[in-house]
Amino acid sequence: MENLKDFLLEKGYTKIKLKLTKTNHFEIKATINGVKGLFILDTGASSSCVGFEAIDRFRLKVKDSEIMAAGAGATDMLTQISKKNKLKIGKWNKEQVVLILFNLTHVNTALVNHNAQPVDGIIGADILKKGKGIIDYEKKYLYLKM
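Per chain, residue numbering runs from 1 following the sequence as it is written. For this predicted model, a pLDDT threshold of at least 70 governs which residues receive local features, and a threshold of 80 or more governs which side-chain atom pairs are given and counted, while totals over whole chains, interfaces and linings are taken from all residues. Only heavy atoms go into the side-chain values, all of them from the structure, while hydrogens and water stay out.

**Examining the pattern of salt bridges**
Pairing between side chains of opposite charge can happen when their charged atoms approach one another. Every case where a carboxyl oxygen of Asp or Glu lies within 4 Å of a side-chain nitrogen of Lys or Arg is listed as a salt bridge. Enumeration over the complete set of coordinates arrives at three salt bridges. Across the salt bridge formed by Asp 6 and Lys 5, the nearest N and O atoms sit 4.0 Å from each other. Asp 6 sits in the partly exposed class, given a relative accessible area of 36%. Note on exposure labels: buried denotes an accessible area under 20% of the residue type's maximum, exposed denotes more than 50%, and partly exposed covers the range between, all computed with a 1.4 Å probe on protein chains only. Given a relative accessible area of 32%, Lys 5 falls into the partly exposed group. Note that Lys 19 is salt-bridged to Glu 27, the shortest N-O span being 3.9 Å.

Rendered as structure tokens:
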């Protein structure tokens with residue numbers, strides 16, 4: 001019997017290693033506009049996000065947004081939007097990626113308080129949908145369709 005990895009690789013998916021943090025989140029490494037960063041994989045986040053402090057680092061062109069962000073422990077957060085970004089996760093690439101920018105301080109404070117590394121942002125359901133994402137929770141891999 002074929003295992004999940006072999007089946008998905010045969011179907012044109014690529015495999016990306018996930019790291020389970022002390023806060024029980026999956027960390028994932030990704031590159032935005034050629035710059036590497038550390039992110040949380042969050043299936044409950046509708047949009048992928050980065051913190052305001054990452055604007056220069058990831059070379060983002062931003063505009064103010066009317067959207068108010070909400071997340072665990074925070075609501076009505078001001079946001080900005082950045083369009084036309086290049087995202088690379090493992091061998092998977094996508095251009096024209098839209099990112100939401102907001103204050104990630106509450107996220108990183110919670111991570112640091114639990115002895116986890118702070119992150120540059122969140123990879124959300126928008127990317128998982130674009131990549132037809134499949135998560136192997138047991139083996140700690142994300143599969144994205146090439």
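From this point on, the discussion continues.
**Looking at the side chain of Gln 80**
For the purposes of this entry, the term helix denotes a DSSP run of H or I that reaches at least four residues, the term strand denotes a run of E that reaches at least two, and both are numbered from the N terminus. Inspection of the secondary structure puts Gln 80 in strand β9 (residues 80-89). Counting of polar contacts relies on pairs of N or O atoms within 3.5 Å, with two restrictions inside protein: one atom must be capable of donating a hydrogen and the other of accepting it, and residues adjacent in sequence are counted only when both atoms are side-chain atoms. Among the polar contacts made by the side chain of Gln 80, one reaches the side chain of Asp 64 at a distance of 3.0 Å. Apart from residues no more than four positions distant in its own chain, Gln 80 is found in contact with Phe 52, Ile 55, Val 62, Lys 63, Asp 64, Ser 65, Leu 99, Ile 100 and Leu 101. We call two residues contacting when some pair of their heavy atoms lies within 4.5 Å.

**Observations regarding the nonpolar core**
Definition of nonpolar core: a set of buried residues of the types Ala, Val, Leu, Ile, Met, Phe, Trp, Tyr and Cys, connected through side-chain atoms within 4.5 Å. With 26 residues, the main nonpolar core has Ile 28, Leu 41, Leu 87, Ile 89 and Leu 142 as its most contacted residues. Elements that contribute at least two residues to this core include exactly β3 (26-32), β4 (35-41), β9, β10 (92-102), α3 (125-130) and β13 (141-145). With sequence-adjacent residues up to four places away left out, Ile 28 is seen in contact with Ile 16, Leu 18, Gly 37, Leu 38, Phe 39, Leu 41, Ile 89, Ile 123 and Leu 142. Ile 40, Ala 45, Phe 102 and Leu 111 belong to the second largest nonpolar core, which has 13 residues in total.

**Points about helix α2 (residues 105-113)**
Think of an α-helix as turning once every 3.6 residues; residues three or four places apart then point the same way. Every buried residue of α2 is accounted for by Val 107, Asn 108 and Leu 111. For α2, the angular spread of buried residues about the axis comes to 90 degrees, placing them on one side. The inward-facing, buried residues of α2 abut β4. Positive phi appears at Asn 115, one or two residues downstream of α2, with a value of about 60 degrees. Throughout, the arc means the angular range of directions from the helix axis out to the C-beta atoms.

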